[in-house]
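Observations on chain architecture
Residue strings, one per chain:
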Amino acid sequence: MTWDVEKIREDFPVLSQTVNGKPLVYLDNAASAQMPRPVIERMSAYQSAEHSNIHRGVHYLSQHATTAYEAAREKVKRFINAPDVNCCIFVRGCTEGINLVADSYGKGFIGEGDEILVSQMEHHSNIVPWQVTAEERGAKVVVIPMNERGELIVEEYERLLNQRTKIVALSHVSNSLGTINPVKEMIAAAHKLGVPVCVDAAQSVPHFPVDVQDLDADFFVFSGHKMFGPTGSGIVYGKREWLDKMPPYQTGGSQIRIVSFERTTYAPLPAKFEAGTPAIAAGIGLGAAIDYINGLDFVAAAEHEHQLLEYATERLADIPEVTIIGTAAHKASVLSFTIDGIHPHDIGTILDQEGIAIRAGHHCAQPVMQFYDVPATARASFAFYNTRDEVEQLADAVQKVIEVFA
Amino acid sequence: MSDLNELYQETILEHNKNPRNFREIEDADQTALGNNPLCGDALQIFVKMDGERVADVAFKGSGCAISKASASMMTQAVKGKTLGEADKLFEEFHRMVTGELDIEAGADDLGKLRAFAGVLEFPARVKCASLSWHTLNAALHGEGEISTE
């Protein structure tokens, strides 16, 4: 089946504008993807006619909003094939989700002298929360190394796993390199020692179907806004065996059973981890994004993206001044590169003048930059609504950058 | 492309390629570190004073074309100036890149530094141009380390 990209683009109103007099070429999808019209309209409808605080309300609007919000949770469950809808916890985004796991699992299960395995290619949001937990619990963060291509060295990882390892924190797809990590195999290796794995899935859920039961992930965390939903939405999926034993992350309204000044007991899942009024519209918007994705041929979308990535890689690799950072055998969506003698911020500014949005910087992955000994990279990241023609424009604009600095 | 030419003027591209005073001063009286964690720009400024006068000033580090050229041209501009004159240039430069100075009025001492007026049209790049100046200011006033975001 062929992918009708022009038809898909009609669903994304933001894409039809011009920037600096040129048609917008949006290649910053790994930072945040755009929302299709059905998501925008669903949120707008909620805000216009359906809003009320959820749970506990006896009036019509509250019950309606609760039903819509809980329906979104059910969509999430099916989207990731979670075994239990109550193990899908709404959070504001992937960062908050990882903080939840690091803090709560840490308090429940990590102690003096324990080890937390974190890969070398993680986003800061899957490093810093673990460092903080390690510091608080007297534990230590141990790094899973990668090779020059930006692939984790699985044999090293298996050697690092030991009786002191209490959790492994791992990205499904690297945001700075695009590497797809062999998480299923790595989870299986951890489970041999009874060690749970927390998967940062922020960069995988927008690009290919996922199945938390097939992966056997203990925690699986992602943001809505990178998968064509709104900012302020995100999910922590966790296995019940862990979530039930973990203390609450935040406390207050909604997450309690009985409160007295002597003692408080907590609500069952998922409410235990959802203190306070959530981002209701964002949660419903995430549900609409899942509906949208389910309405696509997601396999054909992934294939289209893969072709774009391969073509862009080929075009940029043809330019002698360009170095591609991250050349793993299995990659998704992300193309990081540098140009000899030209700082990525200068690349970003000149591309912007051509209407092309890319990201320039350390991509919240400073250890990756240190590994490759670069201060920053330029990063183009693709979604299923990008076109081959946009890749041409990117390559032409990169040539232009080189001319400006010649 | 006219905005782009305004930003990447010949002088700026030339200083980026061949930065002046791009070295350490081993017996510096003052040094300061400047960081922009957002883009990874990091530079160190070295100052050698002769009484109230800046006898020598140099920099090291990595950054984009704008930040490197700005540091390079700044060292040329402040060498030999008194502390008061350097402070005044810093203040004028800062006002220029934030749009508070009318350079058409010709009442400033910025001279060649006016090449950076173009960053005004690129809000994301203003900090690239001003990082070296903030760092110099920290060095001259003994503050050691600054960070802009």
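Everything quoted here is computed from the prediction, not taken from an experiment.

What about the overall build of chain B?
A count of helical and extended segments in chain B gives five helices and four strands. Against the compact-globule benchmark of 15 Å for 149 residues, chain B has a radius of gyration of 14 Å, which places it among compact chains. In terms of its C-alpha atoms, chain B occupies a principal-axis envelope of roughly 45 × 35 × 25 Å. Taken across its 149 residues, chain B has 48% of its residues classed as buried. Contacts in chain B between residues far apart in sequence, at least 24 positions, make up 58% of those at least 6 positions apart.

As for the overall build of chain A
Scanning chain A from N- to C-terminus turns up 14 helices and 17 strands. Since a compact globule built from 406 residues should have a radius of gyration of about 22 Å, the 22 Å found for chain A is in line with a globular shape. For chain A, the spread of C-alpha atoms along the principal axes amounts to about 70 × 55 × 40 Å. A buried classification covers 57% of the 406 residues belonging to chain A. Accessible area for chain A stands at about 16300 Å²; split by element, carbon and sulfur atoms hold 51% of it. For chain A, the separation between the mean place of its 33 positive charges and that of its 51 negative charges on side chains is 8 Å.

Comments concerning the packing of aromatic side chains
Residues and elements named next belong to chain A. Applying the stated criterion across every chain, the model contains 19 aromatic pairs over all chains. Ring geometry for Trp3 against Phe384: centres 5.8 Å apart, planes inclined by 65°, an arrangement best described as edge-to-face. Taken as a pair, Trp3 in the segment before α1 (5-9) and Phe384 in the loop between β17 (377-381) and α14 (388-404) lie far apart in primary sequence, 381 residues in all. Phe384 carries the same exposure label as Trp3, and that label is buried. Centre to centre, the rings of Phe384 and Tyr385 are 5.9 Å apart; their planes meet at 80°, and the pair counts as edge-to-face. The class for Tyr385 is buried, based on a relative accessible area of 0%. In this structure an aromatic cluster arises from ring pairing among Trp3, Phe12, Phe228, Tyr292, Phe384 and Tyr385. In this arrangement the basic side chain of Arg388 is found over the ring face of Tyr311, its NZ or CZ atom lying 3.7 Å from the centre.

Description of unusual backbone geometry
Residue and element names in this part refer to chain A. A cis amide bond links Leu269 with the next residue in sequence, Pro270, at an omega value of 0°. Tracing the chain through its elements places Pro270 in the loop between β12 (264-266) and α10 (280-294). The backbone of Asn81 sits at a positive phi, close to 55°, despite the residue not being glycine. As for its placement among the helices and strands, Asn81 is situated in the loop between α3 (60-80) and β4 (88-91). For Asn81, a relative accessible area of 32% translates into the label partly exposed. Located in the positive-phi region is Cys364, a residue other than glycine, with phi close to 55°. Relative to the helices and strands, Cys364 resides in the loop between β16 (359-361) and α13 (366-372).

Topic: the domain arrangement of chain A
Residue and element names in this part refer to chain A. The assigned domain composition of chain A is domain 1 (5-31 + 297-404) and domain 2 (40-294). Between the C-alpha centres of domain 1 and domain 2 there is a distance of 28 Å. Listed as interface residues are 35 residues of domain 1 and, on the opposing side, 32 residues of domain 2. Between domain 1 and domain 2, a total of about 2700 Å² is buried, with carbon and sulfur atoms accounting for 61% of that surface. A per-residue breakdown of the area domain 1 buries against domain 2 is headed by Phe298, Cys364 and Phe371, which together make up 23% of the total. Taken together, domain 1 and domain 2 are joined by zero salt bridges. At the junction of domain 1 with domain 2, the criterion picks out 19 residue pairs in polar contact (both at pLDDT 80 or more). Among the elements that take part in the side of domain 1 that touches domain 2, α13 stands out by supplying six residues, more than any other. Classifying every residue of the side of domain 1 that touches domain 2 by side-chain character gives 23 nonpolar, eight polar and four charged.

Digging into the sheet that holds strand β13 (residues 322-325) of chain A
All names here are of chain A. Spatially, β13-β14-β17-β16 is the arrangement adopted by the four strands of the open sheet, whose pairing is antiparallel. The open sheet has two edge strands with one neighbour each: β13 and β16. Neighbour-to-neighbour, the strand axes of the sheet open up by a mean angle of 30°, direction not taken into account. Where helix α11 (residues 298-317) meets the sheet, its contacts fall on β13 and β14 (334-339), and the angle it forms with β14 comes to roughly 10°. Packed on one face of the sheet, α14 meets β13, β14 and β17 and runs near 15° to β14.

Re the environment of Asp84 of chain A
Residue and element names in this part refer to chain A. In this fold, Asp84 is placed in the loop between α3 and β4. Relative accessible area serves as the criterion here: at 19%, Asp84 is assigned to the buried category. Asp84 sits 76 residues away from Ile8 along the chain, and the two C-alpha atoms are 32 Å apart. Discounting residues that sit within four places of it in the chain, Asp84 has contacts with Lys77 and Arg240. Of note is the side chain of Asp84, whose polar atom sits 2.8 Å from the backbone nitrogen of Asn86.

Structural notes on the interface of chain A and chain B
Listed by partner, the interface residues are 15 residues for chain A and 21 residues for chain B. In total, about 1400 Å² of surface goes out of reach between chain A and chain B, with carbon and sulfur atoms giving 59% of it. Linking chain A with chain B are one salt bridge. Across the salt bridge formed by Arg125 of chain B and Asp346 of chain A, the nearest N and O atoms sit 2.8 Å from each other. Taken together, the connections running from chain A to chain B amount to seven residue pairs in polar contact (both at pLDDT 80 or more). Of all the secondary-structure elements, those providing two or more residues to the side of chain A that touches chain B are α12 (344-353) and α14 of chain A. For the side of chain A that touches chain B, the class distribution of residues is six nonpolar, six polar and three charged.

Scoring rules and cut-offs
Residues numbered from 1 in each chain as written. Chains lettered and ligands numbered in written order. Predicted model: local features only at pLDDT ≥ 70, side-chain atom pairs only at ≥ 80, totals over all residues. Heavy atoms only, no water. Helix = DSSP H or I, 4+ residues; strand = E, 2+ residues; numbered from the N terminus. Rg over C-alpha atoms; globule rule 2.2 N^0.38 Å. Buried < 20%, exposed > 50% of the residue type's maximum accessible area, 1.4 Å probe, protein only. Contact = heavy atoms within 4.5 Å. Areas by Shrake-Rupley, 256 points an atom, 1.4 Å probe, with all protein chains shown as cover. Lys, Arg positive; Asp, Glu negative; His and termini not counted. Charge placed at Lys NZ, Arg CZ, Asp CG, Glu CD. Phe/Tyr/Trp six-rings, centres within 6.5 Å; stacked < 30°, edge-to-face > 60°. Lys NZ or Arg CZ within 6 Å of the ring centre and 35° of its normal. Domains from an automatic or database assignment. Buried area = accessible area lost by both parts, 1.4 Å probe. Salt bridge = Lys/Arg side-chain N within 4 Å of Asp/Glu carboxyl O. Polar contact = N/O pair within 3.5 Å; in protein donor to acceptor, adjacent residues only side chain to side chain. Nonpolar A, V, L, I, M, F, W, Y, C, P; charged D, E, K, R; others polar. Pairing = 2+ DSSP bridges. Axes fitted to C-alpha atoms, helices over the stretch in contact; angles between N-to-C directions.

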